[in-house]
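This is what each chain is made of:
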Amino acid sequence: MGIFTGVLLASDFDNTLIYTEEALRTGAPVPPLSAENRRALEYFIAEGGRFAIATGRALAAFIKYADVVPMNAPGVVCNGAALYDFEKEEYLETAMLDGRARTRGQEMLDRFPDMAVEAYHIDNVIHAVQPNEITRQHERLAKVRVTEARSLLEVPLPLGKLLFEADHDILEAARDFLNSRGWSEDYELIFSGQNLLEMTAKGANKGGMVRRLAARLGISMDHVYCAGDEANDISMLTAAAEGFAPANCVPAVRDCGATIVSHARDSALADVVARLEAKYR
């Protein structure tokens, strides 16, 4: 038994495990996992720890990176809408949007014509309605081409999440519109970036799915640790025994009480593992 036996560490991918912001803005390739992060995660796993990815990306947008990230636990994908076993290549749990989400999402698009939406299908197809430049940037970052549809009503079910894309003020207005219609109680609505607003089923967030993962692994939440940089990570950061955030995190993450570690470009996960080693050694 190693010092991390019975410990689960779950980390966000973009701008936490790997700093992808420059790739998003410029279209440059996503940088590789740093040698420091790789060594730290391999050490964590060798010492009995379980490491999992918890990403807002759809499986289709993350799967190409799965082989370059050391991990030995199922991962949270689609911002908490699903738990995927990369070894068995199968979904273990899902929390899908209901059919009303398509109709309501289309109403939002009709009201805000400058807003785009990506619809994440459980079969790893990503559809886009009213794609805009933010959609194209997201395609370049994820290296996954979307399938365009004329309307959300044409997109097949089941859907894990809807990702609305527009300038921040438009997304805020869209969120307020959804709230004014009394729909917000049915969904999780979380900003995962300045230009990204995510809609998942109520209770389908990273924190909830990390709890389910810990239960599957037989690990107490007293020994679950999470790392993330954006507002969509807060649910898991606050559920964990201790949440960690890279120095590049958004203010809301700092305000949630996360322990601030080094910048994502400076191998933040290596810093996290070092702190856990000091705790468990």
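Residues numbered from 1 in each chain as written. Predicted model: local features only at pLDDT ≥ 70, side-chain atom pairs only at ≥ 80, totals over all residues. Heavy atoms only, no water.

Colleague: Just checking my understanding: could you explain the packing of helix α4 (residues 100-111) against helix α6 (residues 168-180) for this structure?
Modeller: Working note: a packed helix pair is described by the angle between its axes plus the distance between those axes. At a minimum axis distance of 10 Å, the contact between α4 and α6 shows a crossing angle of 130 degrees. By the angle between their axes, α4 is oblique relative to α6. The chirality of how α4 crosses α6 is right-handed. On α6, the residues that touch Glu107, Met108 and Arg111 of α4 are Ala174, Phe177 and Leu178. (Axes fitted to C-alpha atoms, helices over the stretch in contact; angles between N-to-C directions. Helix = DSSP H or I, 4+ residues; strand = E, 2+ residues; numbered from the N terminus. Parallel < 35°, antiparallel > 145°, perpendicular 65-115°, else oblique. Left-handed = near helix turned anticlockwise from the far one by under 90°. Contact = heavy atoms within 4.5 Å.)

Colleague: Would you mind going over the packing of aromatic side chains with me for this structure?
Modeller: Here the distance between the centres and the angle between the planes together describe a pair of aromatic rings. Evaluation of the coordinates by the stated rule reveals 12 aromatic pairs. Seen in terms of ring centroids, Phe62 and Phe86 are 5.7 Å apart; in terms of plane orientation they differ by 65 degrees. Their pairing is edge-to-face. Pair noted here: Phe62 is in helix α3 (residues 59-62) and Phe86 is in the loop between β4 (82-85) and β5 (90-94), with a separation of 24 residues, a long-range link. The same class applies to Phe62 as to Phe86, namely buried. Both rings, one in Phe112 and one in Phe177, keep their centres 6.2 Å apart while their planes meet at 75 degrees; by these two values the pair is edge-to-face. Of this pair, Phe112 sits in the loop between α4 and β6 (116-121) while Phe177 is found in helix α6, placing the two residues 65 residues apart along the sequence. Seen from the ring of Tyr120, Lys161 lies directly overhead, with NZ or CZ sitting 4.6 Å from the centre. (Phe/Tyr/Trp six-rings, centres within 6.5 Å; stacked < 30°, edge-to-face > 60°. Buried < 20%, exposed > 50% of the residue type's maximum accessible area, 1.4 Å probe, protein only. Lys NZ or Arg CZ within 6 Å of the ring centre and 35° of its normal.)

Colleague: Got a minute to help me understand the pattern of salt bridges in this structure?
Modeller: Note that side chains of opposite charge can pair when their charged atoms are close. Using the criterion set out here, one finds 20 salt bridges in the structure. Residue Arg100 pairs with Asp98 through a salt bridge whose shortest N-O separation is 2.9 Å. Relative accessible area serves as the criterion here: at 43%, Arg100 is assigned to the partly exposed category. In this structure, the salt-bridge partner of Arg104 is Asp186, at a minimum N-O distance of 2.8 Å. Taken together, the residues span a long stretch of sequence, with Arg104 in helix α4 and Asp186 in the loop between α6 and β10 (187-193) at a distance of 82 residues. Exposure remark for Asp186: the relative accessible area of 28% places this residue in the partly exposed category. Among the charged side chains, a salt-bridge network with shared partners connects Asp98, Arg100, Arg104 and Asp186. (Salt bridge = Lys/Arg side-chain N within 4 Å of Asp/Glu carboxyl O.)

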